[in-house]
Amino acid sequence: MSWDEWVRGAEIEPSLYAADFSRLGEQIETVMAAGARIFQFDVGDGHFVEPITIGPIVLKSISPVVHRLDGILDCHLMIETPEKHFEAIAEAGGDSVTVHYEACDDLEGVIGRARALGLGVGVAFNPESEPDAVVEAAGGLVDLVLCMSIHPGYSGQPFMRESIPRVRRLRELLGDGAHIQVDGGVGPDNVRELHEAGADLLVAGTSVFGQEDFGAAYQRLAAALD
């Protein structure tokens, strides 16, 4: 399958980085029962971003649960030399990888390596990078382009409103050629505006898993896209 088959018009994509890791499998099942199908799995290496987060060992433990319920694991690699880890991610059950424009000297080669392993592939870019440069480098080669609406690394940062015109510019440049994902501070105050600007993959961490009833929180965000 491919991203075009995974995305149901537009998706709220819960970020597992914000979940309670003592109850991770249970929380995944609860959010999937509420309608979620695509999860973001954030990998940080302590170099490209400051925190060290989670990796293939955790991915391997949850992928049977997600796949049994027809879900997708979208792995956001906030790491240097991401291609070194593609094989481990594929073997652990990752379905797609997103690498950072700023972390790849040979972006075309990195994308090709992911494709060779049967992975979907995206490119992310930080607030300091320009959409035009990212699309020129990778726009025709990837399934999605991820516009960071915070500085990558830590969950719970406030949304950067200057991301909205950046998303709009991405859609102008890409047309229907790739999905647009937004990650960072996404919640009820901005999810509809981001979708109207052109994003169809809205990553939500604390606005799902930081709520008392995260199944209901997911459904409220999803309803805002209708």
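Structure: see above.
As the structure is a prediction and not an experimental result, all values here were calculated from the model. (Residues numbered from 1 in each chain as written. Predicted model: local features only at pLDDT ≥ 70, side-chain atom pairs only at ≥ 80, totals over all residues. Heavy atoms only, no water.)

J.: Just checking my understanding: could you explain the overall build of the protein for this structure?
T.: If you tally the helices and strands in the protein, you get 10 helices and 8 strands. In terms of overall size, the protein behaves like a compact globule, its C-alpha atoms giving a radius of gyration of 16 Å where 226 residues would be expected to give roughly 17 Å. Dimensions of the protein, computed from C-alpha atoms along their principal axes, come out at roughly 40 × 35 × 35 Å. By the burial criterion, 56% of the 226 residues in the protein qualify as buried. Looking at the protein as shown, the accessible area adds up to about 9700 Å², and 48% of this sits on carbon and sulfur atoms. With 15 positive and 37 negative side-chain charges, the protein shows a separation of 4 Å between the mean positions of the two kinds. (Helix = DSSP H or I, 4+ residues; strand = E, 2+ residues; numbered from the N terminus. Rg over C-alpha atoms; globule rule 2.2 N^0.38 Å. Buried < 20%, exposed > 50% of the residue type's maximum accessible area, 1.4 Å probe, protein only. Areas by Shrake-Rupley, 256 points an atom, 1.4 Å probe, with all protein chains shown as cover. Lys, Arg positive; Asp, Glu negative; His and termini not counted. Charge placed at Lys NZ, Arg CZ, Asp CG, Glu CD.)

J.: Please clarify how the packing of aromatic side chains should be interpreted in this entry.
T.: For any pair of aromatic rings, geometry is given as the distance between the ring centres together with the angle between the planes. Throughout the structure, instances matching the rule amount to 2 aromatic pairs. Ring centres 5.0 Å apart and planes at 75° place the aromatic pair Trp 3 and Trp 6 in the edge-to-face group. Of this pair, Trp 3 and Trp 6 both sit in helix H1 (residues 3–6), 3 residues apart, which is roughly one turn of the helix. Of the two residues, Trp 3 and Trp 6, both sit in the buried class. Seen in terms of ring centroids, Phe 209 and Phe 214 are 5.7 Å apart; in terms of plane orientation they differ by 50°. Their pairing is tilted. Per residue, the accessibility class of Phe 209 equals that of Phe 214, and both read buried. (Phe/Tyr/Trp six-rings, centres within 6.5 Å; stacked < 30°, edge-to-face > 60°.)

J.: Is there a simple way to explain the layout of surface pockets in this structure?
T.: Reported here for the largest pocket is a volume of approximately 260 Å³. What lines the largest pocket is a set of 23 residues, among which Ile 150, Ser 155, Gly 156, Asp 183 and Gly 184 lie closest to the centre. For the lining of the largest pocket, the secondary-structure elements that each account for two or more residues are strand E3 (72–78), strand E8 (201–204) and helix H9 (206–209). Here the residues of the lining of the largest pocket sort into 10 nonpolar, 11 polar and 2 charged. (1 Å grid on protein atoms, 1.4 Å probe; cavity = no way out; pocket = protein on both sides within 12 Å on 5 of 7 lines; lining within 4 Å. Points joined across faces, edges and corners; volume = space filled by probe spheres on them. Nonpolar A, V, L, I, M, F, W, Y, C, P; charged D, E, K, R; others polar.)

J.: Just to check I follow, could you spell out the environment of Leu 24 for this structure?
T.: Relative to the elements of secondary structure, Leu 24 occurs in helix H2 (residues 24–33). Note: C-alpha distance between Leu 24 and Leu 221 (197 residues apart in sequence) is 21 Å. Setting aside residues up to four positions removed in sequence, Leu 24 forms contacts with Leu 16, Ala 19, Val 58 and Ile 62. (Contact = heavy atoms within 4.5 Å.)

Shape descriptors only; they carry no functional weight alone.
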